[in-house]
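The primary structure of each chain is shown beneath.
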Amino acid sequence: MANVKISELTTLAEIPATTDQLIVNDGSTTKKIAYSNLNGAAANVKSYGAKGDDSTDDTAAIQAAIDANDNVYFPKGRYIITSPIYLSRNKTIRGDGIGSAIIKQGTTVGTGSNVMRGGSITDSYAVNAVVIYTHVDDQFVYSAGMYDIRIQGDDDFSTAYGIYAPRMSQCFFQNVSILRCNTGYGTYDTWNTSFERVTVDCYKVSAALAAVLSGFNEEGTSNLTRGFHWIKDGSNLGTGTSNTWNGCYVRRADRGWQLAGLSYSNIISSGADQISECPYRFETCFITMNGCATEQSLMNPGLQFAAGEYKVTGFQVYEIYGVSNSAVYEARSGATVMLDSCRFQNYTSVNGAYNQVIQEGSTVYQKATRIPTNGNDFVSFSSGSQLHIADVEDTIFRDANNRLSTKKRINSIGGQLFKRNFTVASAGADQFTVTVDAVGFSSYAAGKIKVQYYDESFPAGTGYLETAFSVYEVDGSYYQDATNGAGSLCGGSFTTQPSWTISRVGNEWTFKLVPAHGDFNVVFIEIEWYTDNDGGATVALV
């Protein structure tokens, strides 16, 4: 089309479909304006020479279309690129669904960098990625979007990132599929961004997962793979706020969500399946999960909470496999976790796993939540960790003949009390085991174990009695009684509480007490249980 001055146009000019730029001359200057930016339509990458034929290198054509337009459209096709595609502020790309694919081949990495955090942090773009979002110094990429398109790494699993987005804000990702990349979406700081129906398939099945999943073979890279990865940049600042995942999905990866330093964000109706290590891994986050799940995954652990605060509602698992010394969920480093209406079914295979792990001063609240019963339990009460179950007395359990509440059983069915005193060995630590038979702690019984110790290691021989902990069992799981805790310390230089650990395998409970200032003289064990069998139960103290 020849150059035309606006002043010379007397009627509406019809712009041919193959024309992407209008030359505008106002009498003093001449400008090239992308037609897509005049009418809001998206520029077609094929108008810039892209073929989408699964063989032509379309890198230059795609980048030219993006550089010239804010909105770029990819018709159905397989667009091969050999170096990363760069996107920036206000840039939107969209396709025709998974039939529109940008496929990275080779190991060429990006170039350039920008600084953040007042120049103290450098974000390098020297990564092997399909798409890289570049920002200007000390600013975020705002108002970018990606819709209805597939992002795919090389078949040799050499592509590190599907989307590498160091700094993002107020952006949208919708109906995006990311395949064969070590990380689907990686960032140092993304906030107020929406991920809707974004799926990541890393094509990674570890040898350990393949060994337990029928029909699966070991495949993929030896590198660690993740669906969504929020990475701390070394500044000790957060990695974002106000993000939402809705209907997102990660499969065949080592980790599904690995988030660190992310605040007030939500994961809704999303899943992570066939995960070789940890489906959801959080560190120093403040996150809400609602209606999420994991299936056919190794629990190493299933949910990991390290520091921060978390509320998890309606979480479910299906066909899960235990890993030695791990658990369906794990709370560490002072994390606070609320589990509401969650269903953690029994392990398909236990392999020495715990049902739950609460350590290092963490606190977990459970309400209407089912925990596995075929693994071990471990709560490090010695480190100040706590496990609370809400409304225990009103919780309803069903057996073969009746539907009774725990409260009704406690009030109406006979209970028994067993007490035993013994002296702790002079070695300064002692371990003892309490065994209650299946009748006593059956699946429809409630029980409580209380451990007290009497210590004469005070100055001048002053002694005291203190409740170390009290735990109770309901429906195969045990919980700390919030009304009983360590008593007040008193007396001279005696300032440190003793430590203790507790674990359970089946109906066998093992306790270990470690004095802080010498040996215990006497430890009192009280076991109290309530069953629907008037015959009671037998108790053995080893």
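**Some words on the side chain of S177**
Argument step 1. One can find S177 in strand β17 (residues 172–179).
Argument step 2. A relative accessible area of 10% means that S177 is categorised as buried.
Argument step 3. Among all residues touching S177, those that are not within four sequence positions of it are I98, I149, R150, I151 and T199.

**Let's talk about the packing of aromatic side chains**
Argument step 1. Evaluated as defined, the whole model comprises 22 aromatic pairs.
Argument step 2. Here Y161 and Y164 contribute two aromatic rings whose centre-to-centre distance is 5.0 Å and whose plane-to-plane angle is 50°, an arrangement assigned as tilted.
Argument step 3. On the basis of relative accessible area, Y161 is assigned to the buried category, the value being 15%.
Argument step 4. Given a relative accessible area of 2%, Y164 falls into the buried group.
Argument step 5. With a centroid separation of 5.4 Å and 10° between ring planes, the pair formed by F195 and W245 is classed as stacked. Of this pair, F195 sits in strand β20 (residues 194–196) while W245 is found in strand β24 (residues 244–246), placing the two residues 50 residues apart along the sequence.
Argument step 6. For F195, a relative accessible area of 1% corresponds to the buried category.
Argument step 7. An aromatic cluster of at least three residues, connected via ring pairs, comprises Y133, F173, Y185, F195, F228, W230, W245, W257, Y280, F315, Y329 and F344.
Argument step 8. Above the plane of the ring of Y203 lies R180, whose end atom (NZ or CZ) is 4.1 Å from the centre.

**Notes on the environment of E319**
Argument step 1. Mapped onto the secondary structure, E319 falls in strand β31 (residues 316–322).
Argument step 2. With 27 residues separating them in the primary sequence, E319 and N346 have C-alpha atoms 8.4 Å apart.
Argument step 3. Residues in contact with E319, not counting those within four places in the same chain, are L213, E295, Q296, S297, Q345 and T348.
Argument step 4. Side chain to side chain, E319 and Y321 meet in a polar contact 2.5 Å long.

What counts, and at which threshold
Residues numbered from 1 in each chain as written. Predicted model: local features only at pLDDT ≥ 70, side-chain atom pairs only at ≥ 80, totals over all residues. Heavy atoms only, no water. Helix = DSSP H or I, 4+ residues; strand = E, 2+ residues; numbered from the N terminus. Buried < 20%, exposed > 50% of the residue type's maximum accessible area, 1.4 Å probe, protein only. Contact = heavy atoms within 4.5 Å. Phe/Tyr/Trp six-rings, centres within 6.5 Å; stacked < 30°, edge-to-face > 60°. Lys NZ or Arg CZ within 6 Å of the ring centre and 35° of its normal. Polar contact = N/O pair within 3.5 Å; in protein donor to acceptor, adjacent residues only side chain to side chain.

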